[in-house]
Amino acid sequence: MSFAHEELERLRAFAKRRLSNPHGQQLAVYLGGIDWRRALDDRPLVPWDMSLGFHTPYWGSFTDEQRLALNHWTYAMMYFRIGDGERFVVCSNQVVADLIEPLEPELANLLRLETHEELDHIEAFGAIFQAVQARHGFVAASMPVKPLRPLFVSKPFVRFLTRVFGADFVVTYYFGRGLVNHMGKAFETRVASFDEGSAPLTKLSMLHTVDENRHMAVSRMMAACGYELLHRRRAQSALYEAANHAMQRAVVRYTFSDRVTTSQERRMSHAMVPRMTSLSTVDPATLAACIDAHFDGVTGIEHAKNEFMPKFNQRLFERACLTGDEKRMWFELLNSLQRNLRFFPDGWRPGDGVVATPFDDEGPSALAS
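Residues numbered from 1 in each chain as written. Predicted model: local features only at pLDDT ≥ 70, side-chain atom pairs only at ≥ 80, totals over all residues. Heavy atoms only, no water.

(A) Just the pattern of salt bridges, in detail. Summed over all chains, the structure comprises 21 salt bridges. As a salt-bridge pair, Arg-135 and Glu-65 come within 2.9 Å of each other at their nearest N and O atoms. Separated by 70 residues along the polypeptide, Arg-135 in helix α5 (residues 105-136) and Glu-65 in helix α4 (residues 64-100) bring together distant segments of the chain. The class for Glu-65 is partly exposed, based on a relative accessible area of 32%. A salt bridge links Asp-296 to Arg-266; its shortest N-O distance comes to 3.0 Å. Here Asp-296 is found in helix α12 (residues 284-296), whereas its partner Arg-266 is found in helix α11 (residues 258-272), with 30 residues between them in sequence. (Salt bridge = Lys/Arg side-chain N within 4 Å of Asp/Glu carboxyl O. Helix = DSSP H or I, 4+ residues; strand = E, 2+ residues; numbered from the N terminus. Buried < 20%, exposed > 50% of the residue type's maximum accessible area, 1.4 Å probe, protein only.)

(B) The arrangement of helix α14 (residues 324-337) in detail. For α14, which comprises 14 residues, the first-to-last C-alpha distance of 20 Å matches the rise-based estimate of 20 Å (1.5 Å per residue) to within 8%. All of the buried residues along α14 are Glu-326, Lys-327, Met-329, Trp-330, Phe-331, Leu-333, Leu-334 and Leu-337. Among the structural elements, α8 (167-192), α10 (238-256), α11 and α13 (300-319) are those in contact with the buried residues of α14. (Expected span 1.5 Å × (residues − 1). Contact = heavy atoms within 4.5 Å.)

(C) Examining the state of the cysteines more closely. Overall, the coordinates contain zero disulfides when judged by the stated rule. Left unpaired, Cys-321 is separated from the closest cysteine sulfur, that of Cys-225, by 7.3 Å. On the basis of relative accessibility, which here comes to 19%, the residue Cys-321 falls in the buried class. (Disulfide = S-S within 2.5 Å.)

(D) Broad picture of the nonpolar core. One finds Phe-317 and Trp-330 to be the most contacted residues of the largest nonpolar core, which totals 56 residues. Setting aside anything within four residues of it in sequence, one finds Trp-330 in contact with Thr-172, Phe-175, Gly-176, Leu-179, Gln-248, Val-251, Val-252, Phe-256, Phe-317 and Leu-322. In this structure, Trp-73, Met-77, Ala-124 and Met-143 belong to the second largest nonpolar core, which totals 46 residues. (Core = buried A, V, L, I, M, F, W, Y, C linked by side-chain atoms within 4.5 Å.)

(E) Structural context of the packing of aromatic side chains. A complete count under the given rule lists 22 aromatic pairs for this structure. Consider the rings of Phe-88 and Tyr-173, whose centres lie 5.8 Å apart with planes at 75°: the pair is edge-to-face. Taken together, the residues Phe-88 in helix α4 and Tyr-173 in helix α8 connect sequence positions 85 residues apart. For Tyr-173, a relative accessible area of 7% puts it in the buried group. Counting every residue linked through ring pairs, the aromatic cluster contains Phe-175, Phe-256, Phe-317, Trp-330, Phe-331, Phe-343, Phe-344 and Trp-348. (Phe/Tyr/Trp six-rings, centres within 6.5 Å; stacked < 30°, edge-to-face > 60°.)

(F) Representation of the confidence of the model for the protein chain. Residues at a pLDDT of 70 or more form 93% of the protein chain, whose mean pLDDT is 90. Predicted confidence for residues 358-369 stays below pLDDT 50, and this span has 29 contacts to residues more than four positions away or in other chains. (pLDDT = per-residue confidence, 0-100.)

(G) Summary view of the packing of α5 against helix α9 (residues 199-229). Where α5 contacts α9, the two axes come as close as 11 Å, and the packing angle between them is 150°. One element, α5, and the other, α9, form an angle in the roughly antiparallel class. When you trace α5 past α9, the crossing you get is left-handed. Contacts from Leu-107, Leu-110, Leu-111, Glu-114, Glu-117, Glu-118, His-121, Phe-125 and Ile-128 of α5 reach α9 at Leu-201, Leu-204, Ser-205, His-208, Asp-211, Glu-212, Arg-214, His-215, Val-218 and Leu-229. Taken together, the residues of the contact of α5 with α9 break down into nine nonpolar, four polar and six charged. (Axes fitted to C-alpha atoms, helices over the stretch in contact; angles between N-to-C directions. Parallel < 35°, antiparallel > 145°, perpendicular 65-115°, else oblique. Left-handed = near helix turned anticlockwise from the far one by under 90°. Nonpolar A, V, L, I, M, F, W, Y, C, P; charged D, E, K, R; others polar.)

This is how it looks when you write it as structure tokens:
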């Protein structure tokens, strides 16, 4: 039995377990049944070292209320970005589910279950985002997003990619999604275990990580067995090979380039932070300099990602069913596009071997269902 077939069998068994108990965590229901809004009055939402401006010389000049606003902004900004990614997952999962339905109806239903969970996440964290807006008096109607976002987050666009590239796009998508899963989990694991925060909201983040651990497992298994699940549609022509190569490079650049991701966070912060009530009294030039200094340096979130991601990304790379040349392309391009992030263990390159990791197919064993 091939390695890819073993991964497909593992994914089928995973789907059977998940679909036997499909109700999930229901984050929006949980949030609706607890009193969480009072926590916004005086409690931090993320570890203090993740706050915008914490590692800059300007932090000491802010009042306690202003520091709280900068802390809450980090939470709002990160969950806005996570929610934006989840909207693309909703779109892509629906298209891929339709694609694999004739071959694997149970796996299609697993992807649809993920879609329902992502919609639940968007609703729950969207409610908190709105409450943070009300608490700090800013309006995010014109929140900056990545270029061409409305085009890319659309079923017609994803269907076009599956028609043209078939399994090549499916593997690329879940491989990239796995990397994104690890980035988000690095941030959220710290939030979910933050003792100084609000107990109801830290529990919400913990519940979210449980769902995302399962989604992370699906990303890894789909990236590993995509060509076993779907017949490889790679055409035997130089033109197709060039197009597929360009598609993969475009995915990496758009999703992971520091110039795109950090630029968005910087623009979001410049647009929204000065509108926050407690920060509107700060000298505009000083506040702008603080924001720029924050993103020019190594942020607390980047420190968390660099501690968490490398071993998980190594495991994802070694198991993915991309060719050796494709893995090297991803590896080299990811490293070249990043400024402060460390995606992989020091000295490791694709093909060097796998470091054992203490978690099963549903994420870290402590969170397995």
